[in-house]
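# Structural overview for review
Residues per chain are reported as follows:
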Amino acid sequence: TPMSFSARYSPSAPSPRDVVIVSAVRTPLCRARKGALAKLPPSTLLSAALKGCLKVNPHAGGSDGPFLVDPSEVQDIAVGNVLSPASGAAAMRMAQLAAGIPNNVPLHTLNRQCSSGLQAVAAIANAIQVGDIDIGIGCGVESMSTHPMNKMPMPDVDWDVMNEHTEAMDCLTPMGVTSENVANDYGLKRVELDAFAVESHRRAAQAQAMGKFKDEIVPVGDVDKDDGIRAGSTLEKLSKLPPVFAENGFTTAGNSSQLTDGAAAVLLMTRAEAMKRRLPIRAVWKSYSVVGVPPRVMGIGPAYAIPDALKKANLSVSDIDVYEINEAFASQATWCMDKLGLDRSKVNPNGGAIALGHPLGCTGARQIATLIRELERTGKRYGVVSMCIGTGMGAAAIIEVEPTTARF
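It should be emphasised that the depicted structure is a prediction, and the values quoted were computed from it without experimental measurement. (Residues numbered from 1 in each chain as written. Predicted model: local features only at pLDDT ≥ 70, side-chain atom pairs only at ≥ 80, totals over all residues. Heavy atoms only, no water.)

### Remarks on the side chain of Thr370
What counts, and what does not: Think of it this way: any DSSP run of H or I at least four residues long counts as a helix, any run of E at least two long counts as a strand, and we number them from the N terminus. The rule is simple: take the accessible area with a 1.4 Å probe, protein chains only, and divide by the maximum for that residue type; under 20% is buried, over 50% is exposed, in between is partly exposed. In this description, contact between two residues means that some pair of their heavy atoms is separated by no more than 4.5 Å.
Summarising the element assignment, Thr370 is placed in helix H14 (residues 363-378). Judged by relative accessible area, Thr370 falls into the buried class, the value being 2%. Excluding its chain neighbours within four sequence positions, the residues that come into contact with Thr370 are Arg26, Phe213, Glu216 and Glu324.

Laid out in structure tokens, this is it:
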């Protein structure tokens, strides 16, 4: 008889068919247009991440091994990307081949806006869970320097029809305006949003100074560290920044995520494959959820996706040790945390997108790389990755870093 949904995700029932993560790496995250990766196309960033996730030593240069898995044995690659034109699908395939992953390995691209990197990992996890493949890579990339958000064309729709549907038109609401909507609808205060942003920079600067990001970062050429973190950020400085999206508004350049270039890649397989190959099981994929919310307040998505993912994994809010919630805007991030009653010390302990940046297609995969290492460092077990999604959605995934005694 088929295994029940709850048994499939039971923390006490490891199975050879469990989806496990054996490697998760990212490039440095660098400021769009002004940062160290601004002159590089997304294909270069993706190649670096793909090479790194397959290597025993991700920090070694070149395409040579030793490898965790021979590149020819990867059975599919999913690439999350948002801003590239249609030709981006070819660019990603070219990046794969340039990274030394041969042509027998297929690749596809996908776009679920800000959750694209996480959706790519979920696509591979799903393919493993249903038995289509045993080994795959979920990854994400964005060069917001090469393909800026303000150059995106308008959708091809029948405007006469769409103008009759308010909620359909809400899908075009600028992201910063959705942040203002959240702040206004829920009575948020500017000083609290600025304080949250200051704390994100403080945590990220401290983590960088302590070398916490070094293990997860694969260099791109001679670039080996994030360059958007502002260690000197203060409430006084942020309070002087003008609102960007509304007169007397709440959302500023200082309490919003940065425009960023970067890539990340996650190598997944069945538990049986990892054990057969004597590979480290860094984490177990427990559940994934995507939900819809009103487009005009798209930022509230995590507050609805996280409970759904928890339910699927038979876990509660209090069971989670670390939350990586994308800081698209301080408004939506703080509201989601308060709505769920989260202990803020558990959320983005090493800073979030306000300090590190939000390369749209990369972010979800990047969060996994950061989360795994934080759980390992602190001896904790369960973690959540979540983000809001433009046009009104939220996504969340749960991973588990098992006690060594629990590894099948």
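So, next bit.
### Some points on the pattern of salt bridges
What counts is decided by this rule: The working definition used for a salt bridge is a side-chain nitrogen of Lys or Arg within 4 Å of a carboxyl oxygen of Asp or Glu.
Under the counting rule described, the total for this entry stands at 22 salt bridges. Each of Glu73, Glu273, Lys276 and Arg277 takes part in one network of salt bridges that share partners.

### Focus: the layout of surface pockets
Convention followed: Using protein atoms alone on a 1 Å grid, points that fit a 1.4 Å probe yet trap it form a cavity, whereas open point sets bounded by protein on both sides within 12 Å along at least five of seven lines form a pocket; residues with an atom within 4 Å of a point count as lining. Grid points are joined across faces, edges and corners, and a volume is the space filled by probe spheres set on the points. Residues are grouped as follows: Ala, Val, Leu, Ile, Met, Phe, Trp, Tyr, Cys and Pro are nonpolar; Asp, Glu, Lys and Arg are charged; all remaining types, including Gly, are polar.
Approximately 1500 Å³ is the volume attributed to the largest pocket. Met144, Met149, Met175, Phe245 and Leu259 are the residues nearest the centre of the largest pocket, which is lined by 45 residues in total. Taken together, the elements giving at least two residues each to the lining of the largest pocket come down to helix H7 (175-185) and helix H9 (235-239). Of the residues in the lining of the largest pocket, the class split is 24 nonpolar, 16 polar and five charged.

### Details of the nonpolar core
To keep it simple, the criterion reads: We define the nonpolar core as a collection of buried residues of types Ala, Val, Leu, Ile, Met, Phe, Trp, Tyr and Cys that are connected through side-chain atoms lying within 4.5 Å of one another.
Of all hydrophobic cores here, the largest spans 45 residues; its most connected members are Ile21, Leu118, Val266, Leu268, Trp285, Ile368 and Ile399. No other element matches helix H4 (residues 116-129), which puts eight residues into this core. Among residues more than four places away in sequence, those in contact with Ile368 are Ile21, Ala24, Leu118, Val121, Val266, Trp285 and Val385.

### Topic: the pairing of strand S3 (residues 77-80)
Note on strand geometry: in a regular strand, side chains alternate between the two faces of the sheet. For clarity, the cut-off: A pair of strands is considered paired only if DSSP assigns at least 2 bridges between the two.
A two-sided burial pattern is seen for S3, the buried positions comprising Ile77 and Val79 on one face and Ala78 and Gly80 on the other. As judged from the four bridges shared by S3 and strand S5 (residues 135-143), these two strands associate in the parallel manner. In the strand pairing of S5, Ala78 is matched with Gly138.

Distances and angles like these do not, on their own, reveal function.
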